[in-house]
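# Topology and contacts: notes
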Amino acid sequence: MEKERIKISVRNLVEFILRRGNLDNRRTSVADREAMQKGSKIHRKIQKQMKASYKAEVPLKWEEEYSDFIIEIEGRADGIIDEKEKYVIDEIKGVYRDLSYLEEPVPVHKAQAMCYAYFYASKKNVSKIEVQMTYCHLETEEIKRFREEFSFSYLKKWFEEIISEFYKWANFQYQRGKERCQSMQELEFPYPYRNGQKELVVGVYHTIYTEKQLFIQAPTGIGKTMATIFPAVRAVGKGYGDKIFYLTAKTITRTVAEEAFDILKQRGLSYKTISITAKEKLCLCEETMCNPEKCPYAEGHYDRVNAAVFEILNEKDTYLRDDILNHAKKHRVCPYEMCLDMSSWVDAIICDYNYVFDPNVHLRRFFGDGVKGDYLFLIDEAHNLVERGRKMYSADLCKEDFLEMAKIVKGQSAKLYKILKKCNGFMLEYKRECDEYRVLDNLAGFSLQLMNLLGELENFLEKEHEEKVQKAVLEFSFLVRHFLNMYDIADENYVIYSHYDDKQRFLITLYCVNPKRNLQECLNKGKGTVFFSGTFLPLAYYRSLFSERRDDYAICASSPFLRENLKLLVACDVSSKYTRRGVSEYEKMAEYIYQMAAGKQGNYMVFFPSYRMLEDVYEVFQKKMEERQFEGTCILQSSHMTEEEREKFLEAFQENIIGTLLGFCVMGGIFSEGIDLTGERLIGAAIVGTGLPQVGCEREILKNYYDEKKENGFAYAYRYPGMNKVLQAAGRVIRTKEDRGIVLLLDERFLQREYLDLFPQEWQEYERCTIQNVEHKIKNFWDTTFKA
């Protein structure tokens, strides 16, 4: 049998083995990285200018064979000069920083070129070879070169030291793979299959096997988490994938995934899983300041982190937040950076969407330019990816920030001050032409000025400044860089517009209306993707926002619960439309809520489209309770609840309570999704309104965008997002097969054909109701339930 190959790129090898010293974020750290597309353009331009003896983009590979496996190291030299037995390896780097500050090559850049030099010298059997580092300023196209000659014997010794250091990591990966595969031989699904669950398992496995994408619409209770994780794990065992990314939007769904992996581990699976937590939650200091002067864990971090990672990898298989924090303390390293390093060696990563899709946060080791892998993506509650995707790939700049930044740097850099004032001048011109909002064709002149600004910001950050100045300029440079990067990739899926925010500050926004191309580029770096949600309706809408492929699969699963366990009533004499809002309509809403709560003692939730309406209806409801001497307790969600307050709110929903509890909440908020109040903890919910997003320039731009494409603009901008919030809120009531409960939809618009078409299968037996007959219908449902 052919030996297993452990593959690593030249860049990843040298960055991993040779890193030393402090962790320090006081510089941009991205100053030396190639810009998104501009870097590759400058490469090609320089390569074309070279003589005929210059060979561009030369793939090089090195294999080191051991008894059990082969380490395969590959990369691509930017250029090789081949002149009369004289060989030069050319490594090109596009940078924004002023080249006058660059006195020698960046060590990891030089190390990459030295690897290529060793590979090529060995291939050509020469005793010496030169390395040339070519740095090019991305705006001025100024070039600075460094050249150095190396003997083959020196490169051989140097490279052997690197590969011997990497051997223990490669051996770890090899042994882990063997142990993982052996543990899967007898692994079976941990429970008897629920109705429809086996079809999901088969569908997920087939999707991964065929390297496709699958959209799953499956209601609560079918067991989506295990039905996606189990077949993904089995597919890895068969070699159809290597690393699982389980992506979530909320902490609670991350916990469910952790529990699913634990259940499989208890049944014999050997699988290393890590949960990546936000940097702020993994910081051991009071303030997240990643530099050796402010943080003891940043000082010498890179000298100790590899040993720390290797130790914990050999100690256990599950890595949660506390495990990471404790181990980081022990080795005095940054927990967050250690966590990211650990992710390279585990079998499954549970994390937020950001770590795969966000261009500023994504895990560069997996999703950087030119990086691909046998990744399997399981995307939970994927309906959240619509707005998250738009936000990740949008960008804006605020006029007032340019003026504020000019004040900060005045007297410290005349050149930077002058460019900031020029940029403010551009913004002022755009502002004069904007009343409420204005769609713009392009930002040609302004974007060029922003490029000049970014270069000067980088130069400013090369020098030492007062801490608050340095921090402010650094954060502003990130905003400018992100804006320019998004402008680079802006296409027909973007709308550029100027507008004012709620504080009347003037902004220019690059709005990613449809994120599908950007999301698909990330997903194409893996092998298979499963999107799943309990509220994926209509499926075509979500596909149009997530996927560019024409060969996607889809599964719409039925609810495993008895339909008679849910009583869905749609009120036909009340509405939350703006034109109807007022005391008389609020009286009706309060009456419906009262009848729901009076039907049976227990816990209920009432969801509103806004805090304002919540408070207005609550006021009317309180009076009704007093008038009828109704014994009930009301608790209200507020707009700025702490984590402790949220937990206290949910803890109030206990089983077997005496009396009635009503929780007044906001649709689309923290209590309308991702919470499990099973059994008697929640027996009913009233949903006021159709959940339509508030009218604003962004929504109107969305609507107009889709109208111009001959789609239903109102549906895309308002109806579909609103209905998703309704479905999520209603989904809190029936969580298990034992649950029984009532859902009241309090808006007559739900009876329109456009809304009825969005009802899931389990809602097809809905009933109309009015103020006059709702009491009877609710009483009848509970009476029938008690008899059953």
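Look up a bit, the structure's there.
Overview of the structure. Since we're looking at a predicted model, the values are computed, not measured. (Residues numbered from 1 in each chain as written. Predicted model: local features only at pLDDT ≥ 70, side-chain atom pairs only at ≥ 80, totals over all residues. Heavy atoms only, no water.)

The next thing to look at is the packing of helix 4 (residues 152–183) against helix 8 (residues 301–313). One way to put it is that helix 4 packs onto helix 8 with a least axis distance of 12 Å and a crossing angle of 25°. Of the possible angle classes, the one that applies to helix 4 and helix 8 is roughly parallel. Seen from above, helix 4 lies across helix 8 with left-handed handedness. Across the interface between the two elements, Lys 168, Trp 169 and Phe 172 from helix 4 touch Asn 306, Val 309, Phe 310 and Leu 313 from helix 8. (Axes fitted to C-alpha atoms, helices over the stretch in contact; angles between N-to-C directions. Helix = DSSP H or I, 4+ residues; strand = E, 2+ residues; numbered from the N terminus. Parallel < 35°, antiparallel > 145°, perpendicular 65-115°, else oblique. Left-handed = near helix turned anticlockwise from the far one by under 90°. Contact = heavy atoms within 4.5 Å.)

A few words on a negative patch on the surface. On the surface, Glu 643, Glu 644, Glu 645, Glu 647 and Glu 651 cluster together into a negatively charged patch. Tracing the sequence through the fold places Glu 643 in helix 22 (residues 643–651). (Patch = residues over 30% accessible without salt bridge, like charges linked within 9 Å, V, L, I, M, F, W, Y side chains within 5 Å. Areas by Shrake-Rupley, 256 points an atom, 1.4 Å probe, with all protein chains shown as cover. Salt bridge = Lys/Arg side-chain N within 4 Å of Asp/Glu carboxyl O. Lys, Arg positive; Asp, Glu negative; His and termini not counted. Charge placed at Lys NZ, Arg CZ, Asp CG, Glu CD.)

Glancing now at the pairing of strand 8 (residues 243–248). Among the six residues that make up strand 8, six are buried, leaving the element largely enclosed by the rest of the structure. What you see with strand 8 is no split at all: Lys 243, Phe 245 and Leu 247 on one side and Ile 244, Tyr 246 and Thr 248 on the other are buried throughout. Bridging between strand 8 and strand 12 (residues 375–379) involves five bridges; their strand directions are parallel. Opposite Tyr 246, over in strand 12, you have Leu 378 as the bridge partner. (Buried < 20%, exposed > 50% of the residue type's maximum accessible area, 1.4 Å probe, protein only. Pairing = 2+ DSSP bridges.)

Moving on, we come to the sheet that holds strand 7 (residues 213–217). Pairing is parallel across the open sheet formed by eight strands, whose spatial order is 10-9-11-8-12-17-7-18. Bordering the open sheet on either side are strand 10 (318–319) and strand 18 (553–556), each of which pairs with just one other strand. Strand direction decides the pairing type here: strand 9 (residues 273–275) and strand 10, joined by two bridges, are parallel. Residue pairing across strands places Thr 273 opposite Thr 318, the latter belonging to strand 10. Its contacts with the sheet place helix 19 (residues 539–546) against strand 7, strand 17 (528–533) and strand 18, and it is angled at close to 145° to strand 7.

Our next topic: the nonpolar core. Judged by nonpolar contacts, the single largest core of 194 residues is most densely connected at Phe 357, Leu 453 and Phe 546. Excluding residues that lie within four positions of it along the chain, Phe 357 makes contacts with Leu 247, His 362, Ile 379, Leu 385, Met 392, Tyr 393, Leu 519, Cys 522 and Leu 523. Of all hydrophobic cores here, the second largest spans 37 residues; its members include Ala 597, Tyr 604, Cys 634 and Ala 686. (Core = buried A, V, L, I, M, F, W, Y, C linked by side-chain atoms within 4.5 Å.)

It is worth spelling out the packing of aromatic side chains at this point. Throughout the structure, instances matching the rule amount to 67 aromatic pairs. Ring geometry for Phe 608 and Phe 664: centres 5.7 Å apart, planes at 15°, overall stacked. With Phe 608 in strand 20 (residues 603–608) and Phe 664 in strand 22 (residues 660–666), this residue pair connects regions lying 56 residues apart in the sequence. Comparing Phe 608 with Phe 664, the two get one shared label, buried. Taken together, the ring pairs in this structure connect Phe 215, Phe 531, Phe 536, Tyr 541, Tyr 542, Phe 546, Tyr 705, Tyr 706, Tyr 716 and Tyr 720 into an aromatic cluster. The residue whose ring lies beneath Arg 581 is Tyr 578, and the NZ or CZ to ring-centre distance is 4.3 Å. (Phe/Tyr/Trp six-rings, centres within 6.5 Å; stacked < 30°, edge-to-face > 60°. Lys NZ or Arg CZ within 6 Å of the ring centre and 35° of its normal.)

Across the sheet, seven strands lie side by side as 21-22-20-23-24-19-25; this open sheet has parallel pairing. The sheet terminates laterally at strand 21 (632–636) and strand 25 (767–769), the two strands that pair on one side only. Between one strand and the next, the sheet's axes are offset by a mean angle of 20°, whatever the strand orientation. For strand 20 and strand 23 (residues 684–688), the ladder comprises four bridges, and the chain directions are parallel. Looking at strand 23, one finds that Tyr 604 is bridged to Gly 684. Here helix 21 (residues 611–627) sits on the sheet in contact with strand 20, strand 21, strand 22 and strand 23, set at roughly 160° to strand 22. Contacts from helix 24 (residues 713–730) reach strand 20, strand 23 and strand 24 (741–746) within the one sheet, and its direction differs from that of strand 23 by about 165°.

Here we take up the packing of helix 20 (residues 583–599) against helix 21. Packed helix pairs are characterised by how far apart their axes lie and by the angle those axes make with each other. Interhelical geometry of helix 20 versus helix 21 gives an angle of 65° and a closest axis separation of 9 Å. Of the two elements, helix 20 crosses helix 21, and the hand of that crossing is right-handed. Across from Tyr 586, Glu 587, Met 589, Ala 590, Glu 591, Ile 593 and Tyr 594 in helix 20, the residues of helix 21 making contact are Met 613, Asp 616, Val 617, Val 620, Phe 621 and Lys 624. Of the residues in the contact of helix 20 with helix 21, the class split is nine nonpolar, no polar and four charged. (Nonpolar A, V, L, I, M, F, W, Y, C, P; charged D, E, K, R; others polar.)

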